[in-house]
Amino acid sequence: MSHPTTASPVARLGDPPHVHHMDSATAYAGAKLGLWLFLATEVLLFSVLFASFTIYRSMDLETFHKASHHLDWRLGGLNTIVLLFSSFTAALAVDAAQKGQQSRVVRNLFITICCAGIFLVIKSIEYTSKYHHGLFPGGEHYKDYKSYFGLYYVMTGIHGLHVIIGMGVLGWALLLARKGRISERYYTPVEMGVLYWHLVDLIWIYLFPLLYLVG
Amino acid sequence: MTSHDDGHGELGHILPFSVYRNSFLALIALTIITVLISRFDFGSFNFVIAMLIASVKAGIVALFFMHLRYESPVIWACLGVPVILLFILLIGLFIDEPFRGKYTPAVLTSDQPKASEAVNTPAHAGSHSE
Amino acid sequence: MKTEAVTSHSSELNYLNCDKSVWSWVTTVDHKRIGLMYLFTISIFFFIGGLAALLMRTELAMPGHTFLPGDYNAAANTYNQLFTVHGVIMIFLFIVPGIPATMGNFLLPLMIGAKDVIFPKLNLLSFYIYMVGAAMALMGLFIKPIDTGWTMYAPYSIRTPSAVIWMTGAAFVLGFSSILTGLNFVATIHKLRAPGMTWLRLPVFVWALYATALIQVLATPVVGMTLLLLIFERVFGVGVFDPTMGGDPILYQHFFWFYSHPVVYIMVLPAFGVVGEIIPVFSRKPLFGYKAIVVSSLAIAGAGFVVWAHHMFTSGISDFSAKVFSVVTFLVAIPTAVKVFNWVSTMYKGSISFSTPMLYAMAFVFLFMIAGTTGIYLATLAVDVYYHDTYFVVAHFHYTIQGGAVIGLIAALHYWFPKMTGKLYNVPIANVAWFLIMFGFNLTFLPQFVLGMQGMPRRYFDYIPEFAGLHMVSTIGSYINALGYSLALFNLLYSAVYSRSKAPANPYNALGLEWQIASPPPHDNFHEIPVVTHEPYAYGKPAHGHGGAA
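Note that the structure is predicted; figures quoted are calculated from it, not measured. (Residues numbered from 1 in each chain as written. Chains lettered and ligands numbered in written order. Predicted model: local features only at pLDDT ≥ 70, side-chain atom pairs only at ≥ 80, totals over all residues. Heavy atoms only, no water.)

J.: Mind showing me how you'd approach the overall build of chain C here?
T.: Helix and strand counts for chain C come out as 16 helices and zero strands. Here chain C has a C-alpha radius of gyration of 23 Å; the compact-globule value for 550 residues is 24 Å, and the two agree. Taken over the C-alpha atoms alone, chain C extends approximately 70 × 45 × 45 Å along its principal axes. Scored against the burial criterion, the 550 residues of chain C give a buried share of 64%. Counting contacts in chain C only where the partners sit at least 6 residues apart, residues at least 24 apart contribute 82% of the total. When the accessible surface of chain C is split by element, carbon and sulfur atoms take 72% of a total near 19,000 Å². Here chain C holds 26 positive side-chain charges and 21 negative ones, and the gap between their average locations is 12 Å. (Helix = DSSP H or I, 4+ residues; strand = E, 2+ residues; numbered from the N terminus. Rg over C-alpha atoms; globule rule 2.2 N^0.38 Å. Buried < 20%, exposed > 50% of the residue type's maximum accessible area, 1.4 Å probe, protein only. Contact = heavy atoms within 4.5 Å. Areas by Shrake-Rupley, 256 points an atom, 1.4 Å probe, with all protein chains shown as cover. Lys, Arg positive; Asp, Glu negative; His and termini not counted. Charge placed at Lys NZ, Arg CZ, Asp CG, Glu CD.)

Put into structure tokens, the structure is as follows:
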């Protein structure tokens, strides 16, 4: 139903924003569908990279295997744990929002964002070490492994870009929560931001074994 | 646990904390398992096993953290259809690259080629690697 | 349900005159205004792309170097740039936004009984993203137009010193616009249908938009990532497509066509929907086989994803995969044939009036039959090995895109013109333009089938003298074609601005919610959300009044 409902008699902080063409329940369901559709596009975006990596790997297992030894599985594993934990706290943030527990929302979002930062720090440590081993584009060993490292940088780079964007989105949700605009009646920004964050985690769940473990 | 045993907020399902906690612990356990298994050599199965475990982890994140378990079929399709398309893409690639054979066209001379000297057919698919 | 205000007076507020400031247009979130802004912009690009085509056809009128500047080699290179520019503009800037961004934006909320799309601000953002992409494409044109063909195949696209990054960047940005529009439409159709507007009461145009939007959401990200990889390849030497680094150029083609085959259904599915709206109205008969049309729309969208490598039969893919893709490609013809059958059956024993929209709709059916059947030739692997990269392919896809999608767009513009502008266009001029387009288009492209069969390669700026006669005929046809389009669109524009006529709310006695409100519609469409109680195409059935929805 898209009948606009009558506004509640007293507008409170934390109410869903009023839009002229639909009621707030439709707006929430619509936002969720819209976000999942967007997540679908992200899956397809990364599909190209996964497909490239998979087909090239199958055509030259040895090179890919050798190349993957340059990756440190402990750092990758640590990043995996960090992201999984951040997904956990993100889910708790939504749970807190559903219950109207504003400070818990803020706390969990904050921890999630910090984890994202840690992920990026570890990533840049990895990148720097690659640079010193001549494995950056233009480095002396870069071309020894055919397209492996090119794909590695594109995959982790685009993923890292999504981490940065996620930090921004969650940061915006955090600000809204701090201002009291999030309540059990309206927590769409938090839930949408967290769903996006889960996708970032999902991608890494596949990236880690693909790049670090099976090579 | 069924979807209506949990508390029902105004907008969505509220899950008990244990669901989130257990999911997280399962994810950590599976991560450890996946690292340990990669130490062994199962040949080409390494890849399959790793992807399978990753898919279980992904399933936990999607079903419980993302509440997919309680969402409508339309939302399920938002995740399911892209995955299907990824598989279609992979199939298209994997019936191509590994099956490319060598073929040598007959060199046409100024004489009329005899019928039996028609263009060679490609070598057996799959028996050559580039 | 009562019909809303049936007459439109210029004193009544509508979406055009409710606020006339430029700022209100620049910041509008009204889907109707956004649709018009898209229409204006893509029309400009249609003419630019068309100009490139006319230059090409002029060069091709006679064998040898005809008129392009510089010496033979320079002219050849300019020709490469021309067909690339023609393709990029026509595809990414004109026909892919095409019907969805213009008519879809305008009509979708009206047809489902909503006040706007579900994400109006996102809609405006889509438009501005499109403008950014268009600006980037124009920049690329001025810096150093690319000469790779719109397909931008590796490895040449990695090496050519032309503005590849601008163009691929532009296409990447334009892809976002397409994705967001598609996302908006899918969510709108799911969530904002009026009470009683069940899925099986939706007009077929809405189903067409839905299927199209699904493809936009699912296919476009793939080409987005592919183009990004191409840019990285040029800048960082990633090695994914570059053979000198162990990459496979054919992988680029796989990814490119994984999107670019579904994109042709983005182009033509909405046109199918337009035709499905027009034919019942001007045959005064219900649409034959509504459910079949719905299922076939979805089937075309789905099947479109599994046939992409039929564009690659001669590129070096394995025999095995070529055979698989050939067989599967035959299947995609079936749902389209179902539609043609249903349209013709709708007309059978109907009471037909040859209005301008009906002329275009009938032209569509005829032209698309040619397009579809020649597509079967190309799907046949053994035949395609010969026809690939000849004029046969060029003729086939111009019949589908121009004879199909563009004719559909022009049909839609004429059909819904009274609703959008509140005025009527000049009918005799519109019909003359129709005739010029039909005559000119067929004169241009029918000979090209023959040229292709005779072996004329595509993207060649010179050819052997044996082909000269048909090339000249084709060029003459292209001028007539261009004249026809110019006349048609000028007529519409002129009538929209200067005509003193007043269109009623429902000039055709059509069913459908968009005809139950004033022409032009008020700003928020429906003063009261309607309740739908009947099927969409109950024409000619008893107890049916003036097109009311009761």
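J.: Could you clarify how one ought to interpret the overall build of chain A in this entry?
T.: On a plain count of helices and strands, chain A comes out with six helices and zero strands. When its helices and strands are written in sequence order, chain A yields α-α-α-α-α-α. Counting only C-alpha atoms and orienting by the principal axes, one finds that chain A spans roughly 70 × 30 × 25 Å. Looking at chain A residue by residue over its 215 residues, the buried ones come to 62%. Sequence-distant contacts in chain A: of pairs separated by 6 or more residues, those separated by 24 or more amount to 79%. Only carbon and sulfur atoms are counted for the fraction: they give 65% of the accessible area of chain A, which is about 8,100 Å². Within chain A, the 13 negative side-chain charges are centred at a point lying 6 Å from the centre of the 16 positive side-chain charges.

J.: Looking at this structure, how should I read the interface of chain C and chain B?
T.: How large an interface is tends to be reported as the accessible area lost when its parts come together. Across the contact, 19 residues belong to chain C and 14 residues belong to chain B. Interface of chain C and chain B: buried area, both sides summed, is about 1,400 Å²; carbon and sulfur atoms make up 77% of it. Applying the counting rule to chain C against chain B returns one salt bridge. Taking the shortest distance from any N to any O, the salt bridge between Arg 100 of chain B and Asp 248 of chain C comes out at 3.1 Å. Connecting chain C to chain B are five residue pairs in polar contact (both at pLDDT 80 or more). Of the residues in the side of chain C that touches chain B, the class split is 12 nonpolar, five polar and two charged. (Buried area = accessible area lost by both parts, 1.4 Å probe. Salt bridge = Lys/Arg side-chain N within 4 Å of Asp/Glu carboxyl O. Polar contact = N/O pair within 3.5 Å; in protein donor to acceptor, adjacent residues only side chain to side chain. Nonpolar A, V, L, I, M, F, W, Y, C, P; charged D, E, K, R; others polar.)

J.: Looking at this model, I keep getting lost on the interface of chain B and chain A. Mind explaining?
T.: Facing the 44 residues of chain B at the interface are 46 residues of chain A. In this assembly, chain B packs against chain A so that about 4,200 Å² is buried in total across both faces, 80% of it on carbon and sulfur atoms. The largest share of the area that chain B buries against chain A comes from Leu 11, Phe 47 and Met 66 of chain B, three residues that together contribute 16% of it. A salt bridge links Glu 71 of chain B to Lys 32 of chain A, with the shortest nitrogen-to-oxygen separation between them at 2.8 Å. Where chain B meets chain A, there are four residue pairs in polar contact (both at pLDDT 80 or more). Taken together, the elements giving at least two residues each to the side of chain B that touches chain A come down to α1 (17-37), α2 (45-65) and α3 (73-94) of chain B.

J.: Could you clarify how one ought to interpret a nonpolar patch on the surface in this entry?
T.: Residues and elements named next belong to chain B. On the surface, a cluster of nonpolar side chains totalling about 530 Å² of accessible area is made up of Phe 40, Phe 42, Phe 45, Val 48 and Leu 52. Mapped onto the fold, Phe 45 is located in helix α2. For Phe 45, a relative accessible area of 53% puts it in the exposed group. (Patch = residues over 30% accessible without salt bridge, like charges linked within 9 Å, V, L, I, M, F, W, Y side chains within 5 Å.)

J.: Just checking my understanding: could you explain unusual backbone geometry for this structure?
T.: Excluding glycine, residues mostly carry a negative phi; peptide bonds, for their part, are mostly trans. Residue and element names in this part refer to chain C. In this structure, the amide linkage connecting Ala 154 to the following residue, Pro 155, adopts the cis form with an omega of -5 degrees. Note that Pro 155 resides in the loop between α5 (120-143) and α6 (156-159). In the Ramachandran plot, Arg 284 falls in the positive-phi region, its phi being about 45 degrees despite a non-glycine side chain. If you trace the backbone, Arg 284 turns up in the loop between α9 (249-283) and α10 (290-303).

J.: Can you help me understand helix α14 (residues 391-421) of chain C in this one?
T.: An α-helical turn contains 3.6 residues, so any two residues separated by three or four positions project in the same direction. Residue and element names in this part refer to chain C. At Tyr 415, α14 is deflected by roughly 45 degrees, the largest bend along its length, and proline Pro 418 occurs up to four residues later in sequence. Taking burial as the measure, the 31 residues of α14 include 29 buried ones, the bulk of the element. Two residues or fewer after α14 comes Gly 422, characterised by a positive phi angle close to 75 degrees. (Bend = angle between axes of the 7 residues up to and from the residue.)

J.: Where do I start with the packing of aromatic side chains in this structure?
T.: To describe a pair of aromatic rings, one takes the distance between the centres and the angle between the planes. Applying the stated criterion across every chain yields a total of 76 aromatic pairs over all chains. Centre to centre, the rings of Trp 199 of chain C and Trp 207 of chain C are 5.5 Å apart; their planes meet at 45 degrees, and the pair counts as tilted. Ring geometry for Tyr 386 of chain C against Tyr 387 of chain C: centres 5.7 Å apart, planes inclined by 50 degrees, an arrangement best described as tilted. Owing to a relative accessible area of 45%, Tyr 386 of chain C belongs among the partly exposed residues under this scheme. Among the aromatic residues, those joined into a cluster by ring pairs are Phe 53, Phe 64, Tyr 127, Tyr 131, Phe 136, Tyr 145, Tyr 148, Phe 149, Tyr 152 and Tyr 153 of chain A. Lying over the aromatic face of Trp 25 of chain C, Arg 33 of chain C brings its terminal NZ or CZ to 4.2 Å of the ring centre. (Phe/Tyr/Trp six-rings, centres within 6.5 Å; stacked < 30°, edge-to-face > 60°. Lys NZ or Arg CZ within 6 Å of the ring centre and 35° of its normal.)

J.: Looking at this model, I keep getting lost on the environment of Thr 390 of chain C. Mind explaining?
T.: Residues and elements named next belong to chain C. Topologically, Thr 390 is positioned in the loop between α13 (381-387) and α14. Between the C-alpha atoms of Thr 390 and Leu 451, which are 61 residues apart in sequence, the distance is 8.0 Å. For Thr 390, the side chain forms a polar contact with the main-chain oxygen of Tyr 387, separated by 2.6 Å.

J.: Help me out: how do you make sense of the nonpolar core in this one?
T.: As a rule of thumb, nonpolar side chains are buried together in soluble globular proteins. Formed by 300 residues in total, the largest nonpolar core has its most connected members in Tyr 148 and Phe 149 of chain A together with Met 103, Trp 343 and Phe 364 of chain C. The dominant element in this core, judged by the number of residues it contributes, is α9 of chain C, at 22 residues. Shared between two domains, this core holds at least three residues of each, these being domain 1 (12-70) and domain 2 (71-102) of chain B. Excluding residues within four positions of it along the chain, Phe 149 of chain A makes contact with Ala 67, His 70, Leu 71, Lys 130, Leu 135 and Tyr 142 of chain A. (Core = buried A, V, L, I, M, F, W, Y, C linked by side-chain atoms within 4.5 Å. Domains from an automatic or database assignment.)

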